[in-house]
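# Overview (structure and organization)
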Amino acid sequence: MSNIAKEQVEQEQILNDIRSDPNLDPVRKRALVKEAEQSFSETKQDSSKTVFNVANTMVGSTAMVVPLIFAKSGILTCICVLIFVGLVSYYTCDLLVIHYHKNETDVADAVFRILGRKWFYFFSLISAALLFIAAIIYFILCCNVLYTLFCGCLQLFFGLSDFPAKDTLVLSQFSYQWTGIMIGILIFFLFSMKDSRQFVRLNGYGIYCIAIFLLFILGIGFRNIFTKSLTMDESLADGVKVFYVKMMSDDFINVLSTFALAFFIHNCIYPIIKLNRHQENNSRDVCFGYLLTGIIYSSVGIFGSLGVLCGPNDICEAPRKANTVMDYFDPRKPVSYTHLRAHETGRNLVCRLLLEKKK
């Protein structure tokens, strides 16, 4: 039997299994049959594409925060936590992959089949709450990153520099709030798309954004490695000529929560693996996807934490309220307190005293 004929037989068997399932009501049967028929018309992808889609789904706005986490909590501490959280996350995700059936398009379908209707409703409620919280976090991250990016572009191309602070409510000019409104409008149009397969296709283009961001992080990291003096002894660092690189600390709670969110892909793993041409390789491909994600996060964290030790203008301290790596290159950022004190003279001593008084 040819591969095409064999695939048609398998597809027909899947549809028959759905129609003959006594645990499904007629409405749900029709919905599952429709989803299965749509999935049959989708183009199958190779294992390499599946690996990149898994990694691309996990690597997102969290990468903007990872350099700060590495810089504050220590490089070795973050790598150890990353490995631990990544292994736990992969193990739990692989359990879902092992119990995947071809006629299921979502994890909720597997929960309904294995645990029953009550657990299906409970899972749907918990997933909705979790995804809602994650959406708020990612929305705030996107606003922080894009506002800094927009301010830099407006300053570079139009010479504008008077931008309001993020914690100031301003609607009379371009501000942090207008950035959130623009992102909200974009999200509204995305949610109005009826064909959910478009999201999977759009997600595939994100790998190019990840590549560009990774090159940027590697660039600023290597710049400081070859042009600045780095030390692991805090007593030798002055924040101007010699910079301290923290390796270990006991501050791992924020690292745990960050990487728990970074490696979370469980709710959307089925739409990815169902397009895999070689279903027998699903577990292997997901494993490689997690491995690739771990390498990307490690590279971003290590080189990003070294890259943000000093900004492009040798203003060598990040803003106190830095939320993402972009805040280290914020054009609205004033000269840092460390930079002022390192070049202090009798004439500007009053500047330091005023800064300390404000603290």
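Report on the accompanying structure.

Rules used throughout
Residue numbers here run from 1 along each chain, matching the order of that chain's written sequence. Local features are withheld for residues below a pLDDT of 70 in this predicted model, meaning they are given only at 70 or higher, and side-chain atom pairs are given and counted only at 80 or more; totals for whole chains, interfaces and linings count all residues. Calculation of side-chain values draws on the structure's entire complement of heavy atoms; hydrogens and water are dropped beforehand. Numbering of helices and strands runs from the N terminus; a helix is a DSSP stretch of H or I covering at least four residues, while a strand is a stretch of E covering at least two. Note on classification: 1.4 Å probe, protein chains only; a residue is buried when its accessible area is under 20% of the maximum for its type, exposed when over 50%, partly exposed between these limits. The contact criterion used is simple: two residues touch if any of their non-hydrogen atoms lie within 4.5 Å. Take the buried Ala, Val, Leu, Ile, Met, Phe, Trp, Tyr and Cys residues and link them wherever side-chain atoms come within 4.5 Å; each set so joined is a nonpolar core. Identification of polar contacts relies on pairs of N or O atoms within 3.5 Å, with a donor-acceptor requirement for protein atoms, meaning one able to donate a hydrogen and the other able to accept it, and with residues adjacent in sequence counted only if both atoms are side-chain atoms. Put simply, a salt bridge is a Lys or Arg side-chain nitrogen that is within 4 Å of an Asp or Glu carboxyl oxygen.

Across its full length, the protein holds 15 helices and two strands. Scored against the burial criterion, the 359 residues of the protein give a buried share of 38%. For the protein, contacts bridging at least 24 residues in sequence account for 72% of all contacts bridging at least 6.

One finds F259, I269 and Y297 to be the most contacted residues of the largest nonpolar core, which totals 51 residues. With eight residues, the top contributor of residues to this core is helix α5 (residues 75–98). When sequence neighbours within four positions are dropped, the list of residues in contact with F259 reads V66, F70, C78, V81, L82, V85 and Y297. Within the second largest apolar cluster, ten residues are counted, among which are L15, L24, F112 and F120.

Our focus in this paragraph is the side chain of S298. Looking at the secondary structure, you find S298 in helix α13 (residues 282–307). Here G294 takes part through its backbone oxygen, which lies 2.8 Å from a polar atom of the side chain of S298.

So, about the pattern of salt bridges. Evaluation of the coordinates by the stated rule reveals two salt bridges. For the salt bridge of R277 with D46, the shortest nitrogen-to-oxygen distance reads 2.3 Å. With R277 in the loop between α12 (269–273) and α13 and D46 in the loop between α2 (26–41) and α3 (47–58), this residue pair connects regions lying 231 residues apart in the sequence. In this structure R277 comes out as partly exposed when scored by relative accessible area, which is 43%. Take D46: its relative accessible area is 41%, and that puts it in the partly exposed class. Across the salt bridge formed by D285 and R284, the nearest N and O atoms sit 3.0 Å from each other.

Let us now look at the environment of S249. Here S249 shows up in the loop between β2 (242–244) and α11 (253–262). Judged by relative accessible area, which is 25%, S249 ranks as partly exposed. When sequence neighbours within four positions are dropped, the list of residues in contact with S249 reads K72, S73, G74 and T77. A polar contact of 2.5 Å, which involves the side chain of S249, links it to the backbone oxygen of S73.

Tracing the sequence through the fold places I75 in helix α5. Given a relative accessible area of 8%, I75 falls into the buried group. Residues I75 and K246 lie 171 residues apart in sequence; the distance between their C-alpha atoms is 6.6 Å. Once you skip the residues sitting within four places of it in the chain, I75 turns out to touch F70, V245, K246, M247, I302 and S305.

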